[in-house]
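# A structural walkthrough
These are the residues of each chain, in order.
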Amino acid sequence: MVRGGILRVAVVGGGPRGASAVERLLAVHAQRPAPAHDAVASPGGRPAARAALLEITVYDPFSPGPGKVWRTAQPRLFVMNTQSFYPTLIPSEPGLAPPLAGGSFDAWREAQRAAIDAGTCTLAAEEQAELKGLESRDFPPRALYGRYLAQTWDAVLAAAPPGTTVRHVPAEVARVGRTPHGFAVTCANGRAQEADAVVLALGHVPAQPSAEQAALADAAAHLGLHYLPPAAPADVDWDRLPAGETVLVRGMGLNFFDVMAALTEGRGGRFTEGHDGRLVYTPSGREPHLVAASRRGVPYRGKADLDAYYAPSVELRWLTRAAALAARQAGIQPSFDQDLWPLLHRDTLWAYYSTLARVEPAAVSEGFLEELSAALAVEGPGWEPRASEVVHDGVVPARRLDLRALGAPLAGWHAADRAELDARVLAYLDEDAAGSARGEDDPVKMAIAALHRGRAVLKEAVADGGITEASWVSGLRGWFEGLAEGLASGPPAQRIRQLAALMRAGIVGTVGPEPRFWVDRSARSFTATSPWVGGPEVRARWLVEALAPANAVARADSTLLSGLLADGLVRPPFLAGADGVPQPATGLDVTAPPYRALDVNGLPVEGLYVLGLQLSAVQWGTAIAAEAHPFAAPGEAHDGAPYPSGQRTLRDADAIARHILGVTS
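This report concerns the structure included in the present document. Worth saying up front: this structure is predicted, and the values here are computed from it rather than measured.

Definitions and limits used
- Residues numbered from 1 in each chain as written.
- Predicted model: local features only at pLDDT ≥ 70, side-chain atom pairs only at ≥ 80, totals over all residues.
- Heavy atoms only, no water.
- Helix = DSSP H or I, 4+ residues; strand = E, 2+ residues; numbered from the N terminus.
- Rg over C-alpha atoms; globule rule 2.2 N^0.38 Å.
- Buried < 20%, exposed > 50% of the residue type's maximum accessible area, 1.4 Å probe, protein only.
- Contact = heavy atoms within 4.5 Å.
- Areas by Shrake-Rupley, 256 points an atom, 1.4 Å probe, with all protein chains shown as cover.
- Axes fitted to C-alpha atoms, helices over the stretch in contact; angles between N-to-C directions.
- Parallel < 35°, antiparallel > 145°, perpendicular 65-115°, else oblique.
- Left-handed = near helix turned anticlockwise from the far one by under 90°.
- Nonpolar A, V, L, I, M, F, W, Y, C, P; charged D, E, K, R; others polar.
- 1 Å grid on protein atoms, 1.4 Å probe; cavity = no way out; pocket = protein on both sides within 12 Å on 5 of 7 lines; lining within 4 Å.
- Points joined across faces, edges and corners; volume = space filled by probe spheres on them.
- Pairing = 2+ DSSP bridges.
- Salt bridge = Lys/Arg side-chain N within 4 Å of Asp/Glu carboxyl O.
- Expected span 1.5 Å × (residues − 1).

Attention shifts here to the overall build of the protein chain. Looking only at helices and strands, the protein chain features 17 helices and 25 strands. Taken over the C-alpha trace, the protein chain has a radius of gyration of 26 Å; the compact-globule value for 665 residues is 26 Å, and the two agree within 12%. In terms of principal-axis extent, the alpha carbons of the protein chain reach across some 80 × 65 × 60 Å. Residues counted as buried form 55% of the 665 residues belonging to the protein chain. Sequence-distant contacts, at least 24 apart, represent 75% of the contacts inside the protein chain between residues at least 6 apart. As presented, the protein chain carries roughly 26800 Å² of accessible surface, and 54% of it is formed by carbon and sulfur atoms.

Below, the discussion takes up the packing of helix 2 (residues 105-118) against helix 3 (residues 125-132). Helix packing geometry: the angle between the two helix axes and the distance between the axes. Running from N to C, helix 2 and helix 3 point in directions that differ by 110°, and their axes come no closer than 10 Å. Judged on the interaxial angle alone, helix 3 and helix 2 are roughly perpendicular. Helix 2 and helix 3 meet at a crossing whose hand is left-handed. Residues W108, R109, Q112, R113 and I116 of helix 2 form the contact with helix 3, whose participating residues are Q128, L131 and K132. Residues belonging to the contact of helix 2 with helix 3 are distributed by class as follows: three nonpolar, two polar and three charged.

So, on to empty space enclosed by the protein. Scanning all chains against the criterion turns up four cavities of 30 Å³ or more. When its volume is computed, the largest cavity comes out at roughly 240 Å³. Lining the largest cavity are 20 residues; nearest its centre among them are K303, A304, L306, Y309 and H452. Listed by contribution, the elements that provide at least two residues to the lining of the largest cavity are helix 13 (443-462) and helix 14 (469-488). The biggest single contributor to the lining of the largest cavity is helix 13, with four residues.

Here strand 4 (residues 53-59) lies mainly inside the structure; five of its seven residues are buried. In the sheet, strand 1 (residues 6-12) pairs with strand 4 via seven bridges, with the strands oriented parallel. Looking across to strand 4, one finds that V9 is bridged to I56. Where strand 4 meets strand 6 (residues 164-169), six bridges bridge the pair, whose relative direction is parallel. Looking at strand 6, one finds that I56 is bridged to V166.

Taken in spatial order, the three strands of this open sheet run 17-18-19, and their pairing is antiparallel. At either margin of the open sheet sits one strand with a lone partner, and together these are strand 17 (516-520) and strand 19 (538-540). Within this sheet the neighbouring strands show an average axis-to-axis angle of 25°, counted without direction. Summarising the sheet, strand 17 and strand 18 (residues 525-529) pair through five bridges and their orientation is antiparallel. Within strand 18, the residue paired with V519 across the bridge is F526. Across the sheet, helix 5 (residues 211-223) is in contact with strand 17 and strand 18; its angle to strand 17 comes to roughly 25°.

Turning our attention to the environment of P593. Looking at the secondary structure, you find P593 in the loop between strand 22 (582-584) and strand 23 (596-598). Look at P593 and you get partly exposed, because its relative accessible area is 39%. If near-sequence neighbours (up to four positions away) are discounted, P593 is found in contact with D464 and R648.

Of note, the amide linkage connecting P593 to P594 takes the cis form, showing an omega dihedral of 20°. The residue P594 is located in the loop between strand 22 and strand 23 in this model. Even without glycine at this site, Y595 takes up a positive phi of about 55°. With respect to the secondary-structure elements, Y595 resides in the loop between strand 22 and strand 23.

For the rest of this paragraph, the subject is the sheet that holds strand 16 (residues 508-510). Across the sheet, which stays open at both edges, the five strands sit in the order 11-20-12-15-16 with parallel pairing between neighbours. Looking along the sheet, the strands with just one partner apiece sit at the ends: strand 11 (226-228) and strand 16. Averaged over all adjacent pairs, the angle separating strand axes in this sheet is 20°, with direction ignored. In the sheet, strand 12 (residues 246-250) pairs with strand 15 (residues 289-293) via five bridges, with the strands oriented parallel. Residue pairing in the sheet places V247 in a bridge with L290 of strand 15.

It is worth spelling out the pattern of salt bridges at this point. Inspection of every chain in the model, using the stated rule, returns 36 salt bridges. Two residues, R147 and E127, come together in a salt bridge whose shortest N-O distance is 2.8 Å. Residue R147 is located in helix 4 (residues 142-158), and its partner E127 is located in helix 3; the two are separated by 20 residues in the primary sequence. Residue E127 is classed as buried on the basis of its relative accessible area of 4%. Here R386 makes a salt bridge to E389, at a shortest N to O gap of 3.1 Å. Of this pair, R386 and E389 both sit in helix 10 (residues 383-394), three residues apart, which is roughly one turn of that helix. Judged by relative accessible area, E389 falls into the partly exposed class, the value being 43%.

Bringing helix 15 (residues 493-504) into the picture now. Along its twelve residues, helix 15 runs 17 Å from first to last C-alpha, staying within 8% of the 16 Å computed at 1.5 Å per residue. Of all the twelve residues making up helix 15, ten are buried; the element is thus mostly covered by neighbouring parts of the structure. All of the buried residues in helix 15 are A493, R495, I496, R497, Q498, L499, A500, A501, L502 and M503. Buried positions along helix 15 lie against helix 6 (254-263), strand 13 (270-273), strand 14 (279-282), helix 12 (418-438) and strand 16. Backbone geometry just after helix 15 places G506 at a positive phi near 80°.

Take a look at the structure:
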């Protein structure tokens, strides 16, 4: 209950989501009429006197804005996975409360460059040097994005409307409990403060090890080995790894490239352009020998070199927003595999073959595109065999698309030894980098571009119970997520070129697909093999898990989440898979927006809100930052214009702020 005319809001987590919650609370508060003495809705809808003052307390051991992930002190070699023009902390969607200050990262970048030219920039010399060479399409250092978040936070607080205060408590929250008046927020040091409403914006939290990870760590402790569990690369002391020694690295996703950079360029090695257009690596002599492994045996594919987030030449003809949302608007819950994927599959095929016909006309027969378009337009399941016939008759065998093979390029192939394996992986990397350089003239990259654009539509279509539970578990999260991430969520193309250079220099090797890891106690070593690769196994005293901690609330190594679960204030939902067996979802169970937590009995917890990664049970793709531009509503997105899902997290923060403050849209 609001007391003394002051509404007290606790925001737990000061990273970008927590900062968004604060920014939206201040922006919405600025729109409120002058306080009246009549009764109005307080957090959760209970009658109370309208609060004249708003007091926000942000709890985070790290600085608000950057938080831990984007802290400005991390190595400059760690770069973002999106280009400068993409991310923002400040919304620009119509219908939301107007921002009080700040803008997108790209606008900040341009303003800082202008200040550098004018001699008025206050940033450190290292940051100024980075900005001078950073263009809109470049991938900025994560620390520099953290500086943007920090300065934007300061600007928002400086513009806070009268009657508001924002405090930062630099401590971890250990418990959030109910009180007769609202909530008690208790820090790890035992200090507790009351709040009328709490926003959980926890972001990435540590995870408990799996049984296998725990066994590896235990064996390492008893045998004198060195096991580095899943962690954010910026949190790891990479100087521990000795030069010249073999290091097994499990995982070849985005974290792998940070590990790679830290142990090569981070140790004084240099990449230079070679005469053949490939990068050449000159070692410092202080690098370990990395042997990388992943289920597919190869890293994520690199991003295409584009000036836009979505390839302008790729337009979704079948998975349009209207088609994807039609079932929801009709009150029907579609299946991902049966209703949505066939539409995106058509778009992927069309993107590939229309690009192929344009750049390699000799690879297709005359009239091929017209026949393919007609086949893809066939309604019902008959479209797929008809399209396969058209492709078989109209495309040379070497240029036919095998979409599943793109995600598993080594599937079914045996290597006599690791030398043969590495030669094939190196050829794969070189071709992938060349495809990225071709951009919109590469058929494979444009097929991936269709998947990438389709994900933006799917995020909107599947959110908040938009598809059946079974297809969420077994389809979207079961097989499609891994395929789409491996193809469309890869690193900047420069990282692929660097990895190829490191393999040519003998600094990096690979294990092969479907690797198996164990500890050889007699040899006192970690061991890795692939059933698809002959020759001796890889042995090492060091094993690095190049994986992000699991984003699953049931596995979180968090005193706060464990306490909330134990107290019954929150719960994960259980979703039924294709076999009908319920399994816990990764996120928390919540109401429809504004996402109040559901307690152990399934009842909304008044005044307790969830924002960000812990919404992964009702939203897909929660980790990506907000997109800088307004979406193309109410029609379809064209020419690279963003989709509504691009600023979903900012819209969620706005909805939470309005509900807390009792302001209708």
